[in-house]
Amino acid sequence: MTKTKTMKLTLPQDELMSCGHLACQGCGATLAMRYMLKALGQKTVLCIPACCWAVIDGAYPHSSLDVPIYHCAFETAASTASGVKAGLDMVGETDVTVVAWAGDGGTFDIGLQALSGTAERNDDVIYVCYDNEAYMNTGIQRSSATPYGAWTTTTPVKHFKTRPKKDIVAIMAAHRIPYIATASVSHPEDFYKKMIKARDIKGTRFFHVFAPCPTGWKSRPEDSVKLARMAVQNGLFPLYEITDGENWTLNLKLKDKKPIIDYIRLQGRFRHLGETELQAMQDEVDRKWNKLLKNCGAT
Ligand SMILES: Cc1ncc(C[n+]2csc(CCOP(=O)(O)OP(=O)(O)O)c2C)c(N)n1
Ligand code: SF4
């Protein structure tokens, strides 16, 4: 008889996200939302700009989320959250956590100016970027979070993306905000713990969450969590925190850092790549990993 491995999550049972939402099967961004709300609870207001999540929660008056949501313009997630927080403070509702929740396009690209303003003022909001590495809601266009080598509808196979992914965490660290964390939907407990920590800190807190998208990555819905886990284990998306812009902590040390090839092979968006490109990708992951170890004093 074969033994089946079971794993028990230690997250609270309470759900502020219901089934019946409108995401595709295997959407990593839905898991990210679910885990975040378990940590923040009902005293949360979400500011969601144009992105997949502007659709996923459902059409008014229906909602898959049991918290208030402010749907705002694409470039305004951070400034909307700043304004909502200021308004709540004025009416004495100081115990509400205000969250800007945006995709990578709305964060790395079009919302960067508003995000930088919020961070520079150190406004008291949590900003979460769920990163699916493209503009998925409008048909999988390249964003500055799209990795080198990827196919998108604006970087077709013959002209795949040749620029590296923008380092959003380094940009946010340069603002010297009190708290920055990376998180992955494959590591819910780590995500939850960091979100609880962020909830109790004042000022701008930034989360970069790795959220696979089977539709845009041309991967199988059932592989989403596996892909997210592989990205953590091969050093492509390491789990770490930065406090006050300069104190770096690695949350998951990799004793046996895996090569990226198995992760790449599960995704159609990289199918066209040859040995040279794959080696370039591996070299870049290794370079960034070694730099991170240095920043974390973990070499
Ligand atoms: C000013 C402006 N430009 C373009 C759009 C069209 N638009 C809506 S959602 C979207 C893509 C959002 O991408 P991302 O932020 O990565 O989130 P995802 O769709 O991947 O969840 C775009 C281009 C818009 N709503 N407003
Ligand atoms: S396109 Fe991707 S990010 Fe958008 S709902 Fe579908 S799986 Fe989720």
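Read on for a plain summary of the structure. These numbers were taken from a predicted model, which means no experiment stands behind them.

Focus: the nonpolar core
Part 1: One finds Met33, Met36, Trp53, Trp101 and Phe207 to be the most contacted residues of the largest nonpolar core, which totals 58 residues.
Part 2: Among the elements that line this core, the one with the most residues is helix 1 (residues 28-40), at nine residues.
Part 3: Among residues more than four places away in sequence, those in contact with Met36 are Leu46, Val99, Trp101, Val128, Phe191 and Met195.
Part 4: Listed in part, the 34 residues of the second largest apolar core include Ala78, Leu88, Leu254 and Leu293.

A look at the site of ligand 2
Part 1: Every residue lining ligand 2 is accounted for by Ala23, Cys24, Cys27, Cys52, Ile56, Asn132, Met136, Cys213, Pro214 and Thr215.
Part 2: Across the shell around ligand 2, the residue classes tally to eight nonpolar, two polar and no charged.

Notes on helix 5 (residues 112-121)
Part 1: Restricting attention to buried positions, one finds in helix 5 the residues Ala114, Leu115, Gly117, Thr118 and Ala119.
Part 2: Among the structural elements, helix 3 (77-90), helix 4 (104-109), strand 4 (126-131), helix 6 (168-173) and strand 6 (205-210) are those in contact with the buried residues of helix 5.
Part 3: Once helix 5 ends, the next one or two residues include Asn122, with phi positive near 55°.

Focus on the packing of aromatic side chains
For any pair of aromatic rings, geometry is given as the distance between the ring centres together with the angle between the planes.
Part 1: Under the definition given, this model contains ten aromatic pairs.
Part 2: A centroid spacing of 6.0 Å and a plane angle of 50° characterise the contact between Phe191 and Phe207, whose relative ring orientation is tilted. A residue pair is termed long-range when its members are at least 10 positions apart, and Phe191 in helix 7 (residues 188-199) and Phe207 in strand 6 qualify at 16 residues. The same class applies to Phe191 and to Phe207, which are both buried.
Part 3: A ring pair is formed by Tyr240 and Trp248, whose centres lie 5.7 Å apart and whose planes are at 10°; its orientation type is stacked.
Part 4: Note on Tyr240: relative accessible area 10%, which makes it buried.
Part 5: On the accessibility criterion, Trp248 (21% relative accessible area) is partly exposed.
Part 6: Taking the ring centre of Trp151 as reference, the NZ or CZ of Lys218 above it sits at 4.1 Å.
Part 7: Above the plane of the ring of Trp217 lies Arg269, whose end atom (NZ or CZ) is 4.0 Å from the centre.

Quick notes on the rules
Residues numbered from 1 in each chain as written. Chains lettered and ligands numbered in written order. Predicted model: local features only at pLDDT ≥ 70, side-chain atom pairs only at ≥ 80, totals over all residues. Heavy atoms only, no water. Core = buried A, V, L, I, M, F, W, Y, C linked by side-chain atoms within 4.5 Å. Buried < 20%, exposed > 50% of the residue type's maximum accessible area, 1.4 Å probe, protein only. Helix = DSSP H or I, 4+ residues; strand = E, 2+ residues; numbered from the N terminus. Contact = heavy atoms within 4.5 Å. Near = heavy atom within 4 Å. Nonpolar A, V, L, I, M, F, W, Y, C, P; charged D, E, K, R; others polar. Phe/Tyr/Trp six-rings, centres within 6.5 Å; stacked < 30°, edge-to-face > 60°. Lys NZ or Arg CZ within 6 Å of the ring centre and 35° of its normal.

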